[in-house]
Amino acid sequence: MSMADYLKNIREKHLKKRKERNPDYPIAVWIQNDVFRDKTFGQSFTIILRTKGCKWAYDSGGCTMCSYLMDASPAEITSENLKNQFDSAVEKYKDQLNKNMSIKLFTSGSFLDTFEIPLETREYIFKRIEEMGAKEVAIESRAEFVTPENMESIKNILSCNIEIGVGIESLNEKIRNVAIHKGVPTKAIENAFSVAEEYDVGIKAYILIKPPFISEKEAIADAIDTANKCIEMGCSRISFCPASIHKGTLIETLWKKNQYRPPFLWSILEILKEVKSKNPDALVMCDTAGVSSKRGAHNNIDCTCNDKIKDIFNDFTVTQKIEKLDIECDCKKEWIEYMEYEQKNIVPLGDEKLI
Ligand code: SF4
Ligand SMILES: [Zn+2]
């Protein structure tokens, strides 16, 4: 059985559990403090639109750590539904919105894929934002949709700063396309960077910390190398995504068989320190979804340092101060022992104590 068939199989079983939701309301909407592409601070207004979902996940089973398709709609979502989702989000927060905000439009997939958001809907949403005024607009998309045509369709309407979050995950082709099953050739990533530069659009590089099938040590080296290269290629910021175990994914299967463990927080601290010290002017952020829980990145799960380090990641993201990353705890030696043991092993280790 091919990797794609295997992934499709486990995904299809889970998709049967998807519930139908009101197609006129987004998955989530919120306002939060944030850092903008120009490194200033302010507030962002995030809307997660409910679409049909990521086409790559339907066609090929998708990426080995991703369960976004579970949030997507099992029923058809029309252009009208999507416009209503956007309008209802704006209506709900109308008293708090202002022209100095960043507006983030996410879909748990690719905003620029017309399979998810038809061109006409995209233009409607951008026109409304242009009328409302915004300091920045952020969207997310797979690299192959960062094309001159798509950049023109955005730039023809929006006059503010634009940033596209692209799942680079790893710049090691084998790790990206075999271990993660991303299905994005390196050429497509290089094209996305050069098209974005040509149109003065920022690329926020999402980098996965600890894909499956590689050891903790290899994962640290890969994340550092990928981030340094993305900065060299001109990304507007780095957003590290420590892997967590979502239902219906391949990494959940491996985790249950004790063949995968989410990253240690010590590894993430090392990655952040390395990348920030080598690139002091780069914006380097770390997502903390799932961090400190059993299914998310964690140190020894019983240790009190887990929550402290999660706060440190959040603090570092908004201050960009490298000294915030200094913390010590006795459990650090378990991380060192784990990596030494794993290096002698022939397959990556899970979470169960063997040492
Ligand atoms: S990570 Fe992105 S490209 Fe991969 S399956 Fe999830 S939504 Fe699709
Ligand atoms: Zn500890």
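Everything below is about the structure shown above.
Please read these numbers as outputs of a predicted model, since none were measured by experiment.

The rules behind each value
Residues numbered from 1 in each chain as written. Chains lettered and ligands numbered in written order. Predicted model: local features only at pLDDT ≥ 70, side-chain atom pairs only at ≥ 80, totals over all residues. Heavy atoms only, no water. Donors = N, O, S within 2.8 Å, 3.2 Å for Na, K, Ca; no water. Tetrahedral: all angles 85-135°; square planar, octahedral: opposite > 155°, others 65-115°. Buried < 20%, exposed > 50% of the residue type's maximum accessible area, 1.4 Å probe, protein only. Pairing = 2+ DSSP bridges. Helix = DSSP H or I, 4+ residues; strand = E, 2+ residues; numbered from the N terminus. Core = buried A, V, L, I, M, F, W, Y, C linked by side-chain atoms within 4.5 Å. Contact = heavy atoms within 4.5 Å. Patch = residues over 30% accessible without salt bridge, like charges linked within 9 Å, V, L, I, M, F, W, Y side chains within 5 Å. Areas by Shrake-Rupley, 256 points an atom, 1.4 Å probe, with all protein chains shown as cover. Salt bridge = Lys/Arg side-chain N within 4 Å of Asp/Glu carboxyl O. Lys, Arg positive; Asp, Glu negative; His and termini not counted. Charge placed at Lys NZ, Arg CZ, Asp CG, Glu CD.

A. The coordination of the zinc ion (ligand 2), seen in detail. The zinc ion (ligand 2) binds to the protein through Cys303 (SG), Cys305 (SG), Cys329 (SG) and Cys331 (SG), with metal-donor distances spanning 2.3 Å. Note that the zinc ion (ligand 2) binds 4 donor atoms; their angles at the metal cover 96 to 121 degrees, and the shape is tetrahedral. Take Cys305: its relative accessible area is 2%, and that puts it in the buried class.

B. Structural detail: the pairing of strand β2 (residues 41-48). One ladder, built from 8 bridges, connects strand β1 (residues 28-35) with β2; its direction is antiparallel. Bridging from a neighbouring strand, Val29 pairs with Ile47 of β2. What sits between β1 and β2 in their antiparallel hairpin is a turn of 5 residues, with Lys39 showing a positive phi close to 70 degrees.

C. Representation of the nonpolar core. Grouped together as the largest cluster of nonpolar side chains are 84 residues, with contacts concentrated most on Phe45, Leu105 and Phe240. Tallying contributions element by element places helix α10 (residues 265-278) first for this core, with 7 residues. Excluding residues that lie within four positions of it along the chain, Phe240 makes contacts with Ile207, Ile209, Ala223, Ala227, Ile271, Leu272, Val275, Val284, Met285, Cys286 and Asp287. With 17 residues, the next largest nonpolar core counts Ala219, Ile245, Trp255 and Tyr260 among its residues.

D. The arrangement of a negative patch on the surface in detail. A contiguous patch of negative charge, built from Glu149, Glu152, Glu197 and Glu198, is present on the exposed surface. Listed by contribution, the elements that provide at least two residues to the negative patch are α5 (148-155) and α7 (186-198). Structurally, the position occupied by Glu198 is in helix α7.

E. Just the side chain of Ser215, in detail. Within the secondary structure, Ser215 is located in the loop between β6 (202-209) and α8 (216-232). With near-sequence residues (within four places) excluded, Ser215 lies in contact with Glu342, Gln343 and Pro348.

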